[in-house]
Amino acid sequence: MSRVKGFISFEGIEGSGKSTQVKALAEHLRAKGHNVIETVEPGGTKIGNKIRKLLLEPGNHMDPMAELLLYYSDRAQHVREVIYPAILDNNIVITDRFIDSTVAYQGYARGIDLGLINTLNNIVIPDMKPFLTFLLDMDVEEGLRRNRRAQKEDRFELETVEFHNRVRKGFHQIAYEEPERIKIVDASLSVKEISRKVIEILEKSWH
Ligand code: TMP
């Protein structure tokens, strides 16, 4: 899979502040004259929003394979309806979560075979991955506390701390394997400091 220059993703555990940073980076790039599309997984399309509800509703006891395939249904729709067209139209696309979330959550935390996830990646999104991925990294319990304070309690937030620690370790492993693409940023810093670091990394990688 080749890295696509106008395509950036943010990844991280619950409460790591991804959506705030997606907005901040998009505003920065727009001020520099770029056309920027902000998007999210799951739920970057109308169909995706319905899938998101199924995936995140707390009472749903979902089989891990059903869960995995719903994330890929969302992604298949998302890449074809939003991401590919936007990139072809010379926009910069910034997504709040992408393939690395599946590897970390369904692979490392739920225990689904990583080879199977890789095969699905090759089928659903052939030949495309982000040019840069910012991994906002912080303590799991602090992240979960942040979300509870914001009254965000979906099916994943109700998982155990051990589950979320496996997610975090999974992200670390992915970042270790792809240091060129994935940049770890300390998410315990202030919003402004994180944003400054993100811009600094982006500018270095683009030149
Ligand atoms: P968020 O948009 O609030 O981060 O919620 C999305 C949830 O879905 C979050 O708990 C992570 C989870 N998720 C997966 O488990 N696998 C995936 O592939 C994606 C994109 C998200």
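What you are looking at is a predicted structure, and each value in this text was computed from that prediction instead of being measured.

What counts, and at which threshold
Per chain, residues are indexed from 1 in the order of the written sequence. Residue-level local features of this predicted model are given only where pLDDT is at least 70; pairs of side-chain atoms are given and counted only at 80 or more, and the full residue set underlies all totals for whole chains, interfaces and linings. Hydrogen atoms and water are omitted, and side-chain values are computed over all heavy atoms in the structure. When at least one non-hydrogen atom of a residue lies within 4 Å of a molecule or strand, that residue is treated as near it. Counting of polar contacts relies on pairs of N or O atoms within 3.5 Å, with two restrictions inside protein: one atom must be capable of donating a hydrogen and the other of accepting it, and residues adjacent in sequence are counted only when both atoms are side-chain atoms. As defined here, a cavity is a set of points on a 1 Å grid over the protein atoms alone where a 1.4 Å probe fits but cannot get out. A pocket is an open set with protein on both sides within 12 Å along at least five of seven lines, and residues line them when an atom is within 4 Å of a point. If over half the atoms of a molecule are within 2 Å of the grid points of a cavity or pocket, the molecule is regarded as sitting in it. The secondary structure listing takes helices from DSSP runs of H or I that are at least 4 residues long and strands from runs of E that are at least 2 residues long, numbered from the N terminus. When residues are sorted by character, Ala, Val, Leu, Ile, Met, Phe, Trp, Tyr, Cys and Pro go into the nonpolar class, Asp, Glu, Lys and Arg into the charged class, and all the rest, Gly among them, into the polar class. Only buried Ala, Val, Leu, Ile, Met, Phe, Trp, Tyr and Cys residues count toward a nonpolar core, and they belong to the same one when joined by side-chain atoms within 4.5 Å. Note on classification: 1.4 Å probe, protein chains only; a residue is buried when its accessible area is under 20% of the maximum for its type, exposed when over 50%, partly exposed between these limits. A patch consists of residues whose relative accessible area exceeds 30% and which take part in no salt bridge; residues with like charges are grouped when within 9 Å of each other, and nonpolar side chains (Val, Leu, Ile, Met, Phe, Trp, Tyr) when within 5 Å. Only the protein chains shown count as covering a residue, and every accessible area follows the Shrake-Rupley method with a 1.4 Å probe. We define a salt bridge as a contact between a side-chain nitrogen of Lys or Arg and a carboxyl oxygen of Asp or Glu at a distance within 4 Å. Take the number of residues in a helix, subtract one, and multiply by 1.5 Å to get its expected span. To be clear, the arc concerns the directions from the helix axis to the C-beta atoms. Whether two residues are in contact is decided by their heavy atoms: any pair within 4.5 Å suffices. All axes are obtained by fitting lines to C-alpha atoms, using only the stretch in contact for helices, and the reported angles, taken between N-to-C directions, cover 0 to 180 degrees. When describing relative orientation, an angle under 35 degrees is termed roughly parallel and one over 145 degrees roughly antiparallel, while 65 to 115 degrees is termed roughly perpendicular and anything else oblique. Rotating anticlockwise by less than a right angle from the far helix to the near helix defines a left-handed crossing, while the corresponding clockwise rotation defines a right-handed one.

**Student:** Let's hear about the site of the ligand: which residues, and what values?
**Tutor:** Taken together, 15 residues lie around the ligand, and Tyr71, Arg97, Thr102, Gln106 and Lys152 are the ones closest in. A distance of 3.4 Å is found between an oxygen atom of the ligand and a side-chain nitrogen or oxygen belonging to Lys18. Within the side chain of Arg52, one N or O atom sits 3.1 Å away from an oxygen atom of the ligand. Here the ligand is seated within the largest pocket. For the shell around the ligand, the elements supplying multiple residues, two or more each, are α2 (46-56), α3 (64-88) and α4 (99-109). Considering every element that reaches the shell around the ligand, the biggest residue donor is α4, with four residues. A per-class count over the shell around the ligand returns five nonpolar, three polar and seven charged.

**Student:** How would you sum up the nonpolar core? Please name residues and give values.
**Tutor:** If you look at soluble globular proteins, the nonpolar side chains tend to sit buried side by side. Core analysis: the largest hydrophobic core is formed by 59 residues, its most contacted members being Ile8, Phe10, Leu25, Ile94, Met128 and Phe134. Counting residues per element, this core draws most heavily on α3, at seven residues.

**Student:** I'd like a description of a nonpolar patch on the surface, backed by residues and values.
**Tutor:** Residues Met65, Leu69 and Leu116 make up a contiguous nonpolar surface patch of roughly 230 Å² in combined accessible area. Mapped onto the elements of the fold, Leu116 is located in helix α5 (residues 114-124). In this structure Leu116 comes out as partly exposed when scored by relative accessible area, which is 31%.

**Student:** Got a sec to walk through helix α1 (residues 18-31)? Specific residues and values, please.
**Tutor:** Between its first and last C-alpha, α1 extends 20 Å over 14 residues, near the 20 Å set by a 1.5 Å rise per residue. Within α1, burial applies to Lys18, Gln21, Val22, Leu25, Ala26 and Leu29. Each buried residue of α1 sits inside an arc of 135° when the element is viewed along its axis, so together they form one side. Within α1, the exposed residues directed more than 90 degrees away from the buried face are Glu27 and Ala31.

**Student:** Describe the environment of Lys152, naming the residues involved and giving the relevant values.
**Tutor:** Note on placement: Lys152 falls in the loop between α6 (140-149) and α7 (161-177). Its relative accessible area of 35% is what places Lys152 among the partly exposed residues. Between the C-alpha atom of Lys152 and that of Gly15, which follows or precedes it by 137 residues, the distance is 9.1 Å. Side chain to side chain, Lys152 and Glu157 meet in a polar contact 2.8 Å long.

**Student:** Tell me about the side chain of Asn121, residues and numbers included.
**Tutor:** Residue placement: Asn121 occurs in helix α5. Once residues within four sequence positions are removed from consideration, Asn121 is found in contact with Met1, Tyr72, Ile99 and Pro126.

**Student:** Tell me what's going on with the packing of α1 against helix α8 (residues 191-206), and back it up with residues and numbers.
**Tutor:** Where α1 meets α8, the closest approach of the two axes is 10 Å, and the angle between their N-to-C directions is 55°. Relative to α8, α1 is oriented oblique. The element α1 and its partner α8 pack so that their crossing is right-handed. Taken together, the residues of α8 that come into contact with α1 (itself represented by Thr20, Gln21, Ala24, Leu25, His28 and Leu29) are Val191, Ile194, Ser195, Val198, Ile199, Leu202, Glu203 and Trp206. Taken together, the residues of the contact of α1 with α8 sort by class into nine nonpolar, four polar and one charged.

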